[in-house]
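# Observations on chain architecture
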Amino acid sequence: FGIPKRRRRSMRLHTQEDLSEPLILPKRVEDSPSIRSILMFHPSVPISMRYLIPILAIGTIALLLASNVGVGASVDVSMVLPNGDVLALPSMFAFSLGNTVRDMYEAKIYALMLLVVVFSGIWPYVKLALMVLAWCAPISVLSIGLREKLLVWLDALGKFSLVDTYVLVLMLVAFRYHLELGDFGTLDVYVTPLGGFYGFLLVIILSLIGGHVILHLHRNATAPSKVDLISLPEAVSDHVFEHPDTKKRMKLSSRFKQLVFLLIIVTITLMGIGIVQKSFVFE
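In this text, all values refer to a predicted model and were calculated from it rather than measured experimentally.

Think of two packed helices as two axes; the pair is described by the angle between the axes and how far apart they sit. Between helix H3 (residues 47–69) and helix H5 (residues 110–136), the least distance of the axes is 10 Å, while the angle of their chain directions is 170°. As summarised for this structure, H3 and H5 are arranged roughly antiparallel, according to the angle between their axes. Across the interface between the two elements, Met49, Arg50, Ile53, Pro54, Ala57, Thr60, Ile61, Leu64, Leu65 and Asn68 of H3 pack against Ser120, Pro124, Tyr125, Leu128, Val132 and Trp135 of H5. Class assignment of the residues belonging to the contact of H3 with H5 gives a composition of 12 nonpolar, 3 polar and 1 charged.

Spelled out as structure tokens, the structure:
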């Protein structure tokens, strides 16, 4: 057909080579090394968890913001008349993060005000933001070792957010008292928890659970073979620990085991004494 033989032979060779080569499909985005270095897209992480954790983190931040803006509790008064009728009086005082900080500032209680601002206003947001960073950041930004240290510290320090909840529970008991007014009836003063308190408590619980889940997925992604070696139940006191950097194997000494056991006994004893003793006395 007017095509030179040499050219026809070259076209036949190229056609045979193209048909003999395997078909190469384009890779998925999740299969690239840079994406797989992100904990969120690691193969060991379930697909459902990849996007569920960021969604829960964003929802938790929104719930935390709503709880900080809203009213956490109110001091209410009710009066029981001699004929048995209950008279509900207007709320005496409402607790919220904003007015609590303002009242502490006006009363010049700067140390307590700083604690409330840090652990109730700033730290919960910082913890949730760092959890999202550990979940979404590649190892070029956050190395594997630094990511584990970050998650461990977040898990340990996250419990301090419960201090605000503990103080409010103490206030529920401290401001609950009953007054006998003789012929006028009785007067009851009590603290009523509101949506801000329950929202803040739910935020702290969700953040603690989220921190545990992310730390578990991180360790499962970085050391999956170690999980397979665990076949028999073992006491923590008999476990052989391995340093992540030096790979040195260590075991708890007998004195350390005794010290831990003594601290547990002392803690249980002090908790029992605190339960039976009076916490507040109004004079």
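On we go from here.
The end-to-end C-alpha separation of H3 is 35 Å, in line with the 33 Å expected for 23 residues at 1.5 Å each. Three or more residues of H3 are buried, namely Arg50, Ile53, Pro54, Ala57, Thr60, Leu64, Ser67 and Asn68. Close packing links the buried residues of H3 with helix H4 (97–106), H5 and helix H8 (195–222).

This part takes up the nonpolar core. Core analysis: the biggest nonpolar cluster contains 25 residues, and Leu39, Trp135 and Ile214 have the highest contact counts within it. Elements with a contribution of two residues or more to this core: H3, H5, helix H6 (144–157) and H8. Per-element tally for this core: the top contributor is H8, with 8 residues. Once you skip the residues sitting within four places of it in the chain, Trp135 turns out to touch Ile38, Leu39, Met40, Val45, Met49, Arg50, Ile53, Pro54, Ile214 and Leu217.

Moving on: the pairing of strand S2 (residues 86–95). Direction of pairing for strand S1 (residues 73–80) relative to S2: antiparallel, over a ladder of 7 bridges. Counterpart to Met79 in the pairing with S2 is Leu87.

With that settled, the discussion passes to the pattern of salt bridges. A complete count under the given rule lists 3 salt bridges for this structure. The partner of Glu148 in a salt bridge is Arg219, with the nearest N and O atoms 3.3 Å apart. Taken together, the residues Glu148 in helix H6 and Arg219 in helix H8 connect sequence positions 71 residues apart. Residues Asp155 and Lys159 are paired through a salt bridge, measuring 3.2 Å at the closest nitrogen-oxygen approach. For Asp155, a relative accessible area of 16% puts it in the buried group. A relative accessible area of 36% means that Lys159 is categorised as partly exposed.

The residue Arg50 is located in helix H3 in this model. Residue Arg50 is classed as buried on the basis of its relative accessible area, which comes to 12%.

On to the side chain of Ser96. Position of Ser96 relative to the elements: it lies in the loop between S2 and H4. Apart from residues no more than four positions distant in its own chain, Ser96 is found in contact with Gly70, Val71 and Gly72.

Here the focus is the sheet that holds S2. Within a sheet, adjacent strands bond to each other through the backbone by hydrogen bonds, running parallel or antiparallel. Taken together, the 4 strands give an open sheet; going across it, the order is S2-S1-S4-S3, and neighbouring strands pair in antiparallel fashion. Strand pairing shows two members of the sheet lacking a second neighbour, S2 and strand S3 (177–180), which therefore form its edges. This sheet shows a mean twist of 20° between the axes of neighbouring strands, independent of strand direction. Here 8 bridges tie S1 to strand S4 (residues 186–193), and the two strands are oriented antiparallel to one another. Opposite Asp76, over in S4, you have Tyr190 as the bridge partner.

Counted by the stated rule, this structure contains 3 aromatic pairs. Here the aromatic rings of Phe41 and Tyr51 are separated by 6.4 Å at their centres, their planes lie at 75°, and the arrangement is edge-to-face. Taken together, the residues Phe41 in the loop between helix H2 (33–36) and H3 and Tyr51 in helix H3 connect sequence positions 10 residues apart. On the accessibility criterion, Phe41 (15% relative accessible area) is buried. Taking the relative accessible area as the measure of exposure, Tyr51 reaches 42% and is therefore partly exposed. Judged by centre distance (5.9 Å) and plane angle (65°), the rings of Tyr105 and Tyr110 are edge-to-face. With a relative accessible area of 51%, Tyr105 lands in the exposed category. A relative accessible area of 43% means that Tyr110 is categorised as partly exposed.

End to end, H6 covers 20 Å across 14 residues, agreeing with the expected 20 Å (1.5 Å per residue, within 8%). Arg147, Leu150, Leu151, Leu154 and Asp155 are the residues of H6 that are buried. Projected down its long axis, H6 shows its buried positions confined to an angular sector of 130°, all on one face. H6 presents Lys149 and Trp153 as exposed residues on the side facing more than 90 degrees away from its buried surface. In the core, the buried residues of H6 are packed alongside H5 and H8.

Quick notes on the rules
- Residues numbered from 1 in each chain as written.
- Predicted model: local features only at pLDDT ≥ 70, side-chain atom pairs only at ≥ 80, totals over all residues.
- Heavy atoms only, no water.
- Axes fitted to C-alpha atoms, helices over the stretch in contact; angles between N-to-C directions.
- Helix = DSSP H or I, 4+ residues; strand = E, 2+ residues; numbered from the N terminus.
- Parallel < 35°, antiparallel > 145°, perpendicular 65-115°, else oblique.
- Contact = heavy atoms within 4.5 Å.
- Nonpolar A, V, L, I, M, F, W, Y, C, P; charged D, E, K, R; others polar.
- Expected span 1.5 Å × (residues − 1).
- Buried < 20%, exposed > 50% of the residue type's maximum accessible area, 1.4 Å probe, protein only.
- Core = buried A, V, L, I, M, F, W, Y, C linked by side-chain atoms within 4.5 Å.
- Pairing = 2+ DSSP bridges.
- Salt bridge = Lys/Arg side-chain N within 4 Å of Asp/Glu carboxyl O.
- Phe/Tyr/Trp six-rings, centres within 6.5 Å; stacked < 30°, edge-to-face > 60°.
- Arc of directions from axis to C-beta.

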